[in-house]
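One letter stands for each residue in the lines below.
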Amino acid sequence: MLWDGVQVTLSVALSSMALALVCGLLGAWGKLSSNKLAHTTAQTYTTVIRGVPELILILIVYYGTPTLIQDTLELYGIDIIIDINPFLAGFMTLGVIYGAFATEVFRGAYHAVPKGQIEAAKAIGMNRMLLARRILLPQMWRFALPGLGNVWMVLIKATALISVIQLPELLRNSDIAARALRMPFTFYFAASLYYLAIVSVSMLLQKRAEAWAARGVRRA
Amino acid sequence: MGDIIDIIWDSLPRMLDGILLTIELTAFSVALGLALAVPLALLYVAKNPLLSLPVRSFVFYFRGTPLLVQIFLIYYGSGQFVDALKTVGLWTFFREPYFCAVLSLTLNTAAYTAYILRGAIQNVPFGEVEAARACGMSRSLLYRRIILPLAFRMALPAYTNEVVFLFQATSLVSIITLLDLTGVARIIVARSFAVYEIYITAAVLYLIVTYAMLWGFKKLEHLWSGHLRDRDDTDETFAAR
């Protein structure tokens, strides 16, 4: 049962991380953009998300969105009941939240690419797409890797919050087992060891990935 | 539109009570956590593995597991040992969600803070330590006058983040029935069905306190780094380019 939970936890975490990467790239693009609208949107996005607890955001998305849609439709005389799937709500919320953190990571990574390379690329006539594809992104991944690893670690632990909206992930399943067998300490402790294992494996993989990304870098 | 404003206005006093509890929990846990973290950080960097290994395991466990699990482990998990806790007279504490909340938040922030501080302690330039030794400072004087003050200043930006995270993490105590801002919001929502109005009001309140805290820490950082800044801050205009 706990193992089933681990699988749900991992799938929520992986899909949220994918969404976070997309949101992060978009956010970083917005923050660095000279377009005023894009800049303000990205700035508001990161400011708001990082100032509000994850739990509140999860509650807003899970309980708030259906009511908001229902209330809006009611104005037009349509009366239906909408339910959000907890997996979808959890994955969307965590993805958008950690997208804000990934935004900062990508922004930092962009600034870490030497200015001269960007100038040189422009000088030989690369257009913006080509510049991003050949010069920026390949290097940004390397600079972003440690930060993204951090985001992933925090994200893994944040998936425990989705137990609040009854998604049968690791903590929720341990909760059910703990109540049924009246052994709360045993089951929560077991759950914590699973989290610890996931985090430890992630740390190892992150080290590997960083070494792999830095394989072309000459060290003194 | 009118009802929305009415609902928010009517529930505002209760939500302000909630945010007071949120701030109180944050303040207690931050103070206790910091008091614990300093000795823990010193033990973490100790050369004797008998001293450092237990601390390293503690930090690893609390940084590697979700805070919510830690809260459940302490609040519900203690229920498994009622008899043992009763014989030592601790059950009156573990029965209280407030005590369990402060305990888990404190241990959690102590672990994170100890980790931040040990990073800062290890980054104190060796020249400073060498110079202090050359002046004949004892170990305790060296720590008190050189290493810890420097480490605190270097750790401040990371510690600011930690305090803000802890402040937001206190919202989890609503799950063990405490009436902090999130707890109050959930109760009002359950009664009034004004779901997004109430949660968004709560979010705005969190946002205000978060940025007030960040502003305060920025002032502190400015204060502590006075000797590192140029006399006129012309290079700031360059940085803002």
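A.B. asks: Run through the overall build of chain A, naming residues and quoting values.
C.D. replies: Helix and strand counts for chain A come out as 8 helices and 0 strands. Along its sequence from the N terminus, chain A presents helices and strands in the succession α-α-α-α-α-α-α-α. Structurally, chain A occupies a C-alpha span of about 65 × 55 × 25 Å along its principal axes. Across the 220 residues in chain A, those meeting the buried criterion constitute 47%. Between the mean site of the 19 positive side-chain charges and the mean site of the 11 negative ones, chain A shows a separation of 20 Å.

A.B. asks: Tell me about the packing of helix α7 (residues 170–181) of chain A against helix α8 (residues 184–213) of chain A, and name the residues and values.
C.D. replies: Residue and element names in this part refer to chain A. Look at α7 against α8: their axes get within 8 Å of each other, and the N-to-C directions meet at 160°. Here α7 lies roughly antiparallel to α8, going by the angle between them. Considering the relative orientation of α7 and α8, their crossing is right-handed. Residues L170, L171, S174, D175, A177, A178 and L181 of α7 form the contact with α8, whose own contacting residues are P184, F187, Y188, A191, Y194 and Y195. For the contact of α7 with α8, the per-class residue count stands at 11 nonpolar, 1 polar and 1 charged.

A.B. asks: Tell me about the interface of chain A and chain B, residues and numbers included.
C.D. replies: Contacts between chain A and chain B engage 38 residues on the former and 33 residues on the latter. Summing the contributions of chain A and of chain B, the shared interface buries around 3,200 Å²; its carbon and sulfur component is 76%. Counting every contact that joins chain A to chain B gives 0 salt bridges. Taken together, the elements giving at least two residues each to the side of chain A that touches chain B come down to α2 (36–51), α3 (54–75), α7 and α8 of chain A. Looking at which element gives the most residues to the side of chain A that touches chain B, the answer is α8 of chain A, with 12 residues.

Rules of the game
- Residues numbered from 1 in each chain as written.
- Chains lettered and ligands numbered in written order.
- Predicted model: local features only at pLDDT ≥ 70, side-chain atom pairs only at ≥ 80, totals over all residues.
- Heavy atoms only, no water.
- Helix = DSSP H or I, 4+ residues; strand = E, 2+ residues; numbered from the N terminus.
- Buried < 20%, exposed > 50% of the residue type's maximum accessible area, 1.4 Å probe, protein only.
- Lys, Arg positive; Asp, Glu negative; His and termini not counted.
- Charge placed at Lys NZ, Arg CZ, Asp CG, Glu CD.
- Axes fitted to C-alpha atoms, helices over the stretch in contact; angles between N-to-C directions.
- Parallel < 35°, antiparallel > 145°, perpendicular 65-115°, else oblique.
- Left-handed = near helix turned anticlockwise from the far one by under 90°.
- Contact = heavy atoms within 4.5 Å.
- Nonpolar A, V, L, I, M, F, W, Y, C, P; charged D, E, K, R; others polar.
- Buried area = accessible area lost by both parts, 1.4 Å probe.
- Salt bridge = Lys/Arg side-chain N within 4 Å of Asp/Glu carboxyl O.

Shape is all these values report; function is a separate question.
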